[in-house]
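Inside the fold
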Amino acid sequence: MTTWSFILGVPLLALGLVAVLATERAARAMVAFPRCAPAGWVLCAIGWIGTAYECDKIGIDIFDKFLKAFPGEVWLLAAVFTVLMCWWMANLLPIRGLCAILMLYPAELFPAVRLCDTGWRIPLVVFAYACAITGMIGMFYPWRIRQVLAWCAASGARVRAFGGALLAIGVLFCAIGVFVKV
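A brief report on the enclosed structure follows. (Residues numbered from 1 in each chain as written. Predicted model: local features only at pLDDT ≥ 70, side-chain atom pairs only at ≥ 80, totals over all residues. Heavy atoms only, no water.)

**Some remarks on a nonpolar patch on the surface**
- On the surface, I58, I60, I62, F63 and F66 cluster together into a nonpolar patch covering about 520 Å² of accessible area.
- Residue contributions to the nonpolar patch peak at three residues, all from helix 4 (residues 61-67).
- Looking at the secondary structure, you find I58 in helix 3 (residues 37-58).
- Classification of I58 as exposed rests on a relative accessible area of 53%. (Patch = residues over 30% accessible without salt bridge, like charges linked within 9 Å, V, L, I, M, F, W, Y side chains within 5 Å. Areas by Shrake-Rupley, 256 points an atom, 1.4 Å probe, with all protein chains shown as cover. Salt bridge = Lys/Arg side-chain N within 4 Å of Asp/Glu carboxyl O. Helix = DSSP H or I, 4+ residues; strand = E, 2+ residues; numbered from the N terminus. Buried < 20%, exposed > 50% of the residue type's maximum accessible area, 1.4 Å probe, protein only.)

**Re unusual backbone geometry**
- Positive phi values are uncommon outside glycine, yet L92 reaches one of about 60°.
- Relative to the helices and strands, L92 resides in the loop between helix 5 (73-88) and helix 6 (93-104).

**A closer look at the packing of aromatic side chains**
- Going through the model one piece at a time under the given rule, you end up with five aromatic pairs.
- Between W48 and F81 the ring centres are 5.0 Å apart and the planes differ by 50°, which places this aromatic pair in the tilted class. Pair noted here: W48 is in helix 3 and F81 is in helix 5, with a separation of 33 residues, a long-range link.
- Exposure remark for F81: the relative accessible area of 34% places this residue in the partly exposed category.
- Sitting over the face of the ring of W151, R158 holds its NZ or CZ atom 4.3 Å from the ring centroid. (Phe/Tyr/Trp six-rings, centres within 6.5 Å; stacked < 30°, edge-to-face > 60°. Lys NZ or Arg CZ within 6 Å of the ring centre and 35° of its normal.)

These figures come from the coordinates and say nothing about function on their own.
Here's what the structure looks like:
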């Protein structure tokens, strides 16, 4: 649980600090992010690698007949799908890549924290569910995520409020990582 607290808390803390302390820069980044090709390529690759990992690990017989016809097929498909997605779905690709990650990471978090004998696992689990739901919405409607980012970036107060929320969640998660020992 400590590891996951820091894996989630440190980036949230950093993003929150940037949004609060460098509001104009954060607003520009929020507007530019949905169309940033390099970010899209990296996030898309991470998303497909995560998908390949889960498909390789999960072991569902009906899928294994098709996805494990030869050794390494899942990983080869992930590489091919990454390239194809970057070519054919370049529009709002960073949002789709980020949403894939948001949907995938709870599959690793839940088994790690479910047996922790503390109520402090609940904030991590609730955050993971919120991320998974956001990921599902954003994967099918990436333009809505872009619209929310643009709306938020249109006002310095909204950027600071969003950053303050991220900062508070990041501080909470880091505090859980430091003080809660299970």
